[in-house]
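A closer look at the structure
Residues per chain are reported as follows:
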Amino acid sequence: MSTRRIVGPFNRVEGDLEITLDIADGRIAAAYVNSPMYRGFEQLLQGKLPADALVLVPRICGICSVAQSAASALALADAAGIEPPHNGRLAANLTLATENLADHLTHFYLFFMPDFARADYAGRAWHAATVERFRATLGSAPNQVLPARARFMQMMGLLAGKWPHTLAVQPGGSTRPLQSSEVFRLHRILREFREFLESVTFGAKLEEIAMIASRVQLEAWRAKSGGGDLRAFLAIAEDLDLWHLGRGTDRFMSYGCYREEDGRLFPAGLWQGTAATLDISSIREDITHAWYAAAGLPQHPAEGSTLPVAEKDGAYSWCKAPRLSGQVVETGALARQVVAGHPLARDMIEGYGASVAARVAARLLEVALVLPVMERWLTELMPGDPWCIAAKTADETSGVGLIEAARGSLGHWITVRRGRIHNYQIVAPTTWNFSPRDSDGQPGALEQALAGLPASATDPLPAAIHHVVRSFDPCMVCTVH
Amino acid sequence: MNLLWLQSGGCGGCTLSWLGSEHGSLFRELADEGVELLWHPSISETGVDEARDLIAQCAAGLTAVDVLCIEGSLLRGPRGTGGFHRFGGGAQPMIEWVRQIAVRAQHVVAVGSCSSWGGITAAGMNPTDACGLQYDGEATGGLLGPDFRDRTGLPVINVAGCPPHPDWITETLAALAHGRLRAEHLDDFGRPRFFADQLVHHGCPRNEYYEFKASAQKSSDQGCLMEHLGCGGTQAHADCNQRLWNGEGSCLRGGYACIRCTEPGFEEPGHAFEATPKIAGIPIGLPSDMPKAWFIALAALSKSATPARVRENATADHLLRAPSVKRGKR
């Protein structure tokens with residue numbers, strides 16, 4: 001006999017989240033993840049001019065705003081059959097990388113780590129130091145990180161005018177031509193951010209972190225002196241065994257991101273124990289348990305529909321259930337680095353599979369991997385060469401934009417009829433990770449990750465549940481849009 | 001002064017903009033101004049049951065709320081039920097929580113254009129029947145009604161913008177904390193005048209191009225964006241080009257049009273956002289307070305007086321001609 005418990009609002013996730021738990025014998029027998037807010041972006045985009053999507057879709061999300069812009073710009077470029085010039089491509093990479101790295105930092109310091117400062121852990125050897133360092137709003141870390149993050153976000157002032165919600169990212173490139181002295185200023189900002197990361201977050205050179213190739217090496221690195229917040233986290237992860245908490249599905253997906261002259265810096269792909277080809281045409285969105293009117297079988301997003309209904313039997317979320325060849329996949333920084341083949345990322349999922357610790361470590365690993373590439377992109381900019389070409393969208397066309405936001409794979413599918421948006425479908429990272437069940441009753445990735453964890457119908461929610469939920473770095477405003 | 005912050009039909013971008021404040025740590029800045037966070041969904045420690053209990057206490061009047069900040073539109077649909085957003089952990093729609101707490105709070109602040117007027121969420125067919133706290137587009141009303149006044153007699157304070165500048169939010173809260181925000185400090189749409197009495201045009205770096213109507217033809221050109229590329233900076237109330245964004249940014253400095261995001265109804269301009277609507281070649285939507293006949297006459301005159309330097313640079317993405325160097329007479 002199980003008892004049902006509804007928990008929410010989960011805080012320190014972007015947007016609104018509620019989870020219903022069926023609890024039996026002191027454990028979660030089943031979890032049902034509910035995204036409780038619907039705004040209707042896919043509906044309000046219908047009938048708009050295609051270019052107006054660039055104003056509307058970034059405003060789906062305040063934290064993945066540029067990722068939404070980038071996916072939209074890619075979809076519109078695809079529909080128009082154009083490619084931005086060299087400078088435009090690099091500027092788009094730099095803008096997206098700035099957001100993604102800032103998001104990783106925000107997640108680690110403001111959303112995830114404060115849970116270890118909670119009274120639940122009083123008595124642990126590391127608790128007092130963690131309270132001093134990571135306590136929400138009061139700890140030394142959040143107060144040190146906010147100014148460093150704000151300084152880093154000055155990249156956006158130069159590259160994109162402002163953040164969030166820029167119009168600088170266009171299908172034909174960037175609206176913001178940079179002159180040499182401005183590129184110099186960007187270098188200066190990256191240099192300061194590197195110093196912050198190396199002294200505060202890692203206690204090590206970024207290149208040293210990027211070279212760590214296994215969990216054994218990571219442990220050995222932790223044991224060395226050097227300080228830094230990553231070491232503090234790894235110590236907590238060892239003590240609480242976060243390497244064996246929060247396994248979801250063992251399939252990892254990445255659309256790939258950051259366009260280089262040949263291919264993407266992190267390639268697209270699928271990993272299920274071995275590398276597999278990612279077949280985008282096999283995506284379907286199932287709405288069996290979501291509050292939408294059914295239009296027949298699960299649909300590919302290119303043909304998808306969004307018709308909200310107030311009441312529906314068996315529905316418990318506004319989130320649709322995307323599936324790849326009928327299967328649940330996990331997406332995010334861990335999946336991205338596993339697919340890209342980073343040895344540490346692959347090693348972290350050997351044995352147990354994805355875990356709270358692996359997801360968090362992968363995010364910080366990615367910060368160390370991407371910042372040096374940003375430095376290179378700056379040197380490749382060619383002030384004086386073109387930054388943007390005009391995009392002319394045909395009256396009858398369609399396009400796809402696939403990108404990686406900080407928290408995973410983001411796809412936009414646009415269809416244009418008679419010069420207007422006929423259909424615009426968005427499948428966001430957390431739509432994958434926090435999906436409800438599908439018609440086969442298959443739970444989503446978080447629903448799988450929570451099953452079996454200890455919980456009680458009446459006691460305060462165990463901290464472990466918070467760790468698992470936040471390890472995905474959920475963005476609920478993207479999930480349902 | 002304590003502060004309760006709730007989010008509804010928006011993107012969370014106002015909070016993210018706010019966290020980008022450039023005056024040291026935002027948390028310390030708030031503490032210095034005497035603002036204490038009762039709860040904020042993105043940054044507070046407490047969640048789930050504890051947070052829910054706290055908010056229920058605020059709604060019941062058991063915990064006093066000095067300032068209620070709402071971010072995001074108020075979703076009245078479907079059919080007036082508010083069911084498009086039920087606050088996590090229970091069945092009650094968010095609009096009910098907001099109604100209950102707003103009447104008890106000392107002050108109510110709409111953070112961003114969504115909670116001010118409805119904003120982007122109210123675009124198109126407005127599928128969720130989204131509105132602002134005290135406005136529905138330009139019309140007074142909204143969720144709380146045109147007659148709503150807080151316990152000190154102020155209407156809802158609209159810190160509009162999509163998103164607002166971090167300082168607009170902090171300075172509004174500081175003014176409230178210091179008892180220095182009175183009705184005369186708000187403009188006709190309830191926006192704090194310290195930022196709303198300026199136009200985005202003020203301080204625009206494209207000013208010389210504007211003076212000569214030397215216009216950009218496409219994105220990444222350096223010229224004025226008013227004639228062809230949809231810029232509404234001469235009508236939009238905000239100090240974006242005086243108080244810069246993320247260091248040295250603003251929309252115009254980023255190379256794209258001001259879409260008038262601090263104005264009610266900006267989400268439906270009636271034309272493509274990045275194209276200027278014209279009648280007989282003349283842009284409709286003239287600069288604020290500018291008589292039409294004079295604008296046309298001056299535009300014609302200034303176009304014919306445009307220096308070659310300004311004309312050529314306007315349609316290039318980098319400086320083709322530098323201003324000439326003048327030497328004094330020997």
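Please refer to the structure higher up on the page.
Residues numbered from 1 in each chain as written. Chains lettered and ligands numbered in written order. Predicted model: local features only at pLDDT ≥ 70, side-chain atom pairs only at ≥ 80, totals over all residues. Heavy atoms only, no water.

1. With respect to the overall build of chain A
The cut-off we apply is this: Only runs of H or I of at least four residues qualify as helices and only runs of E of at least two qualify as strands under DSSP, and these elements are numbered from the N terminus. All radius of gyration figures rest on C-alpha atoms, and the globule criterion is 2.2 Å times the number of residues raised to 0.38. Accessible area is worked out with a 1.4 Å probe on protein chains only. A residue is then buried under 20% of its type maximum, exposed over 50%, and partly exposed in between. Whether two residues are in contact is decided by their heavy atoms: any pair within 4.5 Å suffices. Note on areas: these come from Shrake-Rupley sampling with a 1.4 Å probe, and a residue is covered only by the protein chains present in the view. When charges are tallied, Lys and Arg are placed among the positive residues and Asp and Glu among the negative ones, while His and the ends of the chain are skipped. Just so you know, the charge point we use is NZ for Lys, CZ for Arg, CG for Asp and CD for Glu.
For chain A, the helix and strand inventory stands at 18 helices and 16 strands. The C-alpha atoms of chain A give a radius of gyration of 22 Å, which matches the 23 Å a tight globule of 481 residues would have. Across the 481 residues that make up chain A, the buried fraction comes to 67%. Residue pairs at least 24 apart in sequence account for 70% of intrachain contacts in chain A once pairs closer than 6 positions are excluded. Approximately 14,700 Å² of chain A is accessible, and the part contributed by carbon and sulfur atoms is 52%. Counting 45 positive and 50 negative side-chain charges, chain A places the centres of these two groups 4 Å from one another.

2. Thoughts on the overall build of chain B
A count of helical and extended segments in chain B gives ten helices and eleven strands. Over its C-alpha atoms, taken along the principal directions, chain B stretches across nearly 80 × 50 × 35 Å. Considering chain B as a whole, with its 330 residues, one finds that 61% of them fall into the buried category. Taking the contacts inside chain B whose residues are at least 6 apart along the sequence as the reference set, 70% of them involve residues at least 24 apart. About 12,800 Å² of surface is accessible on chain B, with carbon and sulfur atoms providing 51% of the total. Charged side chains in chain B number 29 positive and 36 negative. The centres of these two groups are separated by 10 Å.

3. Topic: helix α4 (residues 94–102) of chain B
We apply this condition: Here the arc refers to the set of directions running from the helix axis out to each C-beta atom.
Inspection of α4(B) places B:Met94, B:Ile95, B:Trp97, B:Val98, B:Ile101 and B:Ala102 among the buried residues, and these make up the whole buried set. Each buried residue of α4(B) lies within a common arc of 160° when the element is viewed along its axis, so the set occupies one face.

4. Notes on the interface of chain A and chain B
Put simply, the rule reads: Once two parts are put together, the accessible area they lose, assessed with a 1.4 Å probe and summed over both, is termed the buried area. Each reported salt bridge corresponds to a side-chain nitrogen of Lys or Arg within 4 Å of a carboxyl oxygen of Asp or Glu.
Across the contact, 76 residues belong to chain A and 75 residues belong to chain B. The contact between chain A and chain B buries some 6,100 Å² in all, and 58% of this surface belongs to carbon and sulfur atoms. Ranking the residues of chain A by area buried against chain B places A:Pro9, A:Arg59 and A:Lys162 at the top, with a combined share of 10%. Taken together, the connections running from chain A to chain B amount to five salt bridges. Residue B:Glu45 pairs with A:Arg135 through a salt bridge whose shortest N-O separation is 3.8 Å.

5. Some points on the pattern of salt bridges
All names here are of chain A. Inspection of the entire model under this criterion finds 48 salt bridges over all chains. Residue Arg336 pairs with Glu366 through a salt bridge whose shortest N-O separation is 2.6 Å. Placement of Arg336 in helix α12 (residues 333–340) and of Glu366 in helix α14 (residues 356–380) is noted, with a sequence separation of 30 residues between them. Judged by relative accessible area, which is 1%, Arg336 ranks as buried. According to the relative accessible area criterion, Glu366 is buried, its value standing at 1%. Overlapping salt bridges, with partners in common, bring together Arg194, Glu198, Lys205, Glu207 and Glu375 in one network.

6. Description of the nonpolar core
To be explicit about the condition: Here, the term nonpolar core denotes a set of buried Ala, Val, Leu, Ile, Met, Phe, Trp, Tyr and Cys residues that are joined through side-chain atoms within 4.5 Å.
With 212 residues, the main nonpolar core has A:Ile19, A:Phe233 and A:Met374 as its most contacted residues. Among the elements that make up this core, the one with the highest residue count is α14(A) (17 residues). Grouped together as the second largest cluster of nonpolar side chains are 29 residues, B:Val98, B:Ala102, B:Val108 and B:Leu143 included.

7. Things to note about the layout of surface pockets
Where empty space is left can be seen by rolling a probe of water-molecule size over the atoms. Using the following cut-off: The distinction between a cavity and a pocket rests on a 1 Å grid over the protein atoms alone: a 1.4 Å probe fits inside a cavity but cannot get out, while a pocket stays open yet meets protein on both sides within 12 Å along at least five of seven lines, and a residue with an atom within 4 Å of a point counts as lining. Grid points are joined across faces, edges and corners, and a volume is the space filled by probe spheres set on the points.
There is about 700 Å³ of room inside the largest pocket. Surrounding the largest pocket, 29 residues form its lining, A:Ala51, A:Gln170, A:Ala391, A:Lys392 and B:Glu274 being those nearest its centre.

8. Section: the sheet that holds strand β5 (residues 107–111) of chain B
Residues and elements named next belong to chain B. The condition is simple: Should DSSP find at least two bridges between two strands, the strands are taken to pair. Fitted lines through C-alpha atoms serve as axes, helices being fitted only where they are in contact, and the angles separating the N-to-C directions of these axes extend from 0 to 180 degrees.
Reading across from one edge, β2-β1-β3-β5-β9 is the order of the five strands in this open sheet, with parallel pairing throughout. Unpaired on one side and paired on the other, β2 (36–39) and β9 (157–159) mark the two borders of the sheet. For this sheet the average axis-to-axis angle between neighbouring strands, irrespective of direction, equals 30°. In this sheet, β5 lies alongside strand β3 (residues 67–71) in parallel orientation, the contact comprising five bridges. Paired with Glu71 across the two strands is Val111, which belongs to β5.

9. Description of the side chain of A:Glu404
All names here are of chain A. Note the threshold: Residues adjacent in sequence count toward polar contacts only when both atoms are side-chain atoms; beyond that, a polar contact is any pair of N or O atoms within 3.5 Å, and within protein one must be able to donate a hydrogen and the other to accept it.
Mapped onto the secondary structure, Glu404 falls in strand β14 (residues 397–405). A relative accessible area of 0% means that Glu404 is categorised as buried. At 2.7 Å, the side chain of Glu404 and the backbone nitrogen of Tyr255 are in polar contact. Other than its neighbours up to four places away in sequence, Glu404 contacts Leu96, Asn100, Ser254, Tyr255, Gly256, Cys257, Thr331, Gly332, Arg336 and Ser409.

10. Quick notes on empty space enclosed by the protein
Residues and elements named next belong to chain A. For clarity, the cut-off: Here the nonpolar group is Ala, Val, Leu, Ile, Met, Phe, Trp, Tyr, Cys and Pro; Asp, Glu, Lys and Arg are the charged ones; every other residue, Gly included, is treated as polar.
In this structure the tally under the stated criterion is twelve cavities of 30 Å³ or more. Counted as a void, the largest cavity has a volume near 220 Å³. Taken together, 19 residues line the largest cavity, and the ones lying closest to its centre are Ala70, Leu74, Ala92, Arg259 and Ile403. Of all the secondary-structure elements, those providing two or more residues to the lining of the largest cavity are α3 (65–80), α4 (86–112), β4 (169–170) and β7 (257–259). Of the residues in the lining of the largest cavity, the class split is twelve nonpolar, four polar and three charged.

11. A short note on a nonpolar patch on the surface
To be explicit about the condition: The patches reported here contain residues having more than 30% relative accessible area and no salt bridge. Joining distances are 9 Å for like charges and 5 Å for nonpolar side chains (Val, Leu, Ile, Met, Phe, Trp, Tyr).
On the surface, a nonpolar cluster with roughly 360 Å² of combined accessible area is contributed by B:Trp294, B:Leu298 and B:Leu301. Secondary-structure assignment places B:Leu298 in helix α9 (residues 292–304).

12. Here we look at α9(B)
Residue and element names in this part refer to chain B. Note the following rule: Helix span is expected to be 1.5 Å times the residue number reduced by one.
Here α9 contains 13 residues, and its C-alpha end-to-end distance of 18 Å stays within 8% of the 18 Å for a straight helix at 1.5 Å per residue. Within α9 the residues assigned to the buried category are Phe295, Ala299 and Ser302. Buried positions in α9, seen along its axis, are confined to an arc of 75° and lie on one side of it. Away from its buried face, by an angle of more than 90 degrees, α9 presents the exposed residues Ala293, Trp294, Leu301 and Ser304. Looking at the packing, one finds that the buried side of α9 touches α8 (207–211).

13. Digging into the sheet that holds strand β1 (residues 3–7) of chain A
Residues and elements named next belong to chain A. Strands sit in the order β1-β2-β3 across an open sheet of three strands; the sheet is antiparallel. Unpaired on one side and paired on the other, β1 and β3 (27–34) mark the two borders of the sheet. Direction aside, the axes of adjacent strands within the sheet are offset by 20° on average. Both β1 and strand β2 (residues 18–24) contribute to a ladder of five bridges, which runs antiparallel. Along β2, the bridge assignment pairs Val7 with Ile19.

14. A short note on unusual backbone geometry
Cis geometry marks the peptide bond from A:Gly8 to A:Pro9; its omega dihedral reads -5°. Along the chain, A:Pro9 falls in the loop between β1 and β2. Of note in the backbone geometry, B:Arg260 takes a positive phi value of approximately 60° without being a glycine. Among the structural elements, B:Arg260 can be located in the loop between α8 and β10 (278–279). Take B:Arg260: its relative accessible area is 28%, and that puts it in the partly exposed class.

15. Observations concerning the packing of aromatic side chains
The relative placement of two aromatic rings is captured by the distance of their centres and the angle of their planes. Keep this limit in mind: Only centres within 6.5 Å qualify two rings of Phe, Tyr or Trp (six-membered ring in Trp) as a pair; their planes then separate them into stacked at under 30 degrees, edge-to-face at over 60, and tilted for everything else. Two conditions define a charge sitting above a ring: the NZ of Lys or the CZ of Arg must be within 6 Å of the ring centre, and it must be within 35 degrees of the ring normal.
Taken as a whole and judged by the stated rule, the model has 30 aromatic pairs over all chains. Consider the rings of A:Trp318 and B:Phe84, whose centres lie 5.3 Å apart with planes at 45°: the pair is tilted. Taken together, the residues A:Trp318 in the loop between β11 (283–286) and β12 (321–324) and B:Phe84 in the loop between β4 (74–75) and α4 connect one chain to another. Cluster of aromatic residues (ring-pair linked, three or more members): A:Phe108, A:Tyr109, A:Phe112, A:Phe116, A:Tyr121, A:Trp126, A:Phe134 and A:Phe233. When the ring centre of A:Phe134 is taken as reference, the NZ or CZ atom of A:Arg133 above it lies at 6.0 Å. The ring of A:Phe472 carries the charged tip of A:Arg359 above its face, separated from the ring centre by 3.9 Å.

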